[in-house]
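For reference, the chains in residue letters:
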Amino acid sequence: MNSTSTVRTARRRTLRAAAATLTAAAALTLTVCAGANAADAKPASTAHTNSVAAGGWSGVQLAGGKAASPVRTQRLADGVSTAEITKLGEQHYRAKIVARGEVLATLETKGHDDGLDANDMFVTLTLDGQVHSWMGGGHQGPGTFTLAGGWKAKVTKLGELRYRAQIIGHDGVAATLETHQHDAGLDANGIYLVLSTGGIISAHA
């Protein structure tokens, strides 16, 4: 093989190597762009479910990407637990119930008050971010019971972990609480009510 043939062969090999390099680079570029498009396709905000696991708060985001932080911490009626209350939006609050460093439950208002029966300590979280707690005073449904503030509650069992309480005043049924595998709470003109998934209702002025 003369020197001219050797140079031509070397050039062909160089061109083939360059083409292979360009092909690989193009494939890598397409892969990166596809990943970016997939990320861009995600919704701007995702729904957050109630979490009872410690650390669940780190994922809470407000509009604009700012992480939510507790507005205040409040001692609860049992003298051991505290509520860490966070504002998430207009009439949208979350209260993390903590005892001895462990998260026991989370309450959240989404267009309505929320409530919890925590082993005979009842807690409500209202639309304006107020937490009220008290001990005892529960009535086991089904049945009709007289509550604090002169209210009556007619508790009906609807199914497994499902109860309904009609809150009755002088003018008839004023409100209805219903559990859907989650306790329910209500602020009835300064009377705080909780209905548990076990059919226990309690009220406190």
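As a starting point, this report considers the structure included with it. What you see is a predicted model, and the numbers here were worked out from it, not measured in a lab. (Residues numbered from 1 in each chain as written. Predicted model: local features only at pLDDT ≥ 70, side-chain atom pairs only at ≥ 80, totals over all residues. Heavy atoms only, no water.)

It is worth spelling out the sheet that holds strand 14 (residues 191-195) at this point. The strand order across the open sheet formed by four strands is 8-15-14-13, and the pairing between neighbours is antiparallel. Each having just a single partner strand, strand 8 (139-140) and strand 13 (184-188) make up the two edges of the open sheet. The sheet contact formed by strand 8 and strand 15 (residues 200-204) spans two bridges and is antiparallel. For Gln140, the partnering residue across the bridge sits in strand 15 and is Ile200. (Pairing = 2+ DSSP bridges. Helix = DSSP H or I, 4+ residues; strand = E, 2+ residues; numbered from the N terminus.)

Turning our eyes to something else, we now look at the pattern of salt bridges. Where side chains of opposite charge bring their charged atoms close, a pairing between them can arise. Taken as a whole and judged by the stated rule, the model has five salt bridges. Taking the shortest distance from any N to any O, the salt bridge between Glu178 and Arg162 comes out at 2.5 Å. Linking Glu178 in strand 12 (residues 172-178) with Arg162 in strand 11 (residues 162-169), this pair joins segments that are 16 residues apart in sequence. Residue class for Arg162 comes out partly exposed when judged on its relative accessible area of 30%. For Glu178, the salt bridge is made with Arg164, and the minimal N-O distance between the two is 2.9 Å. With Glu178 in strand 12 and Arg164 in strand 11, the pair connects residues that are 14 residues apart, well separated along the chain. For Arg164, a relative accessible area of 32% corresponds to the partly exposed category. Connected via shared salt-bridge partners are Arg94, Glu108 and Lys110. (Salt bridge = Lys/Arg side-chain N within 4 Å of Asp/Glu carboxyl O. Buried < 20%, exposed > 50% of the residue type's maximum accessible area, 1.4 Å probe, protein only.)

Without other data, these values stay purely geometric and don't point to any function.
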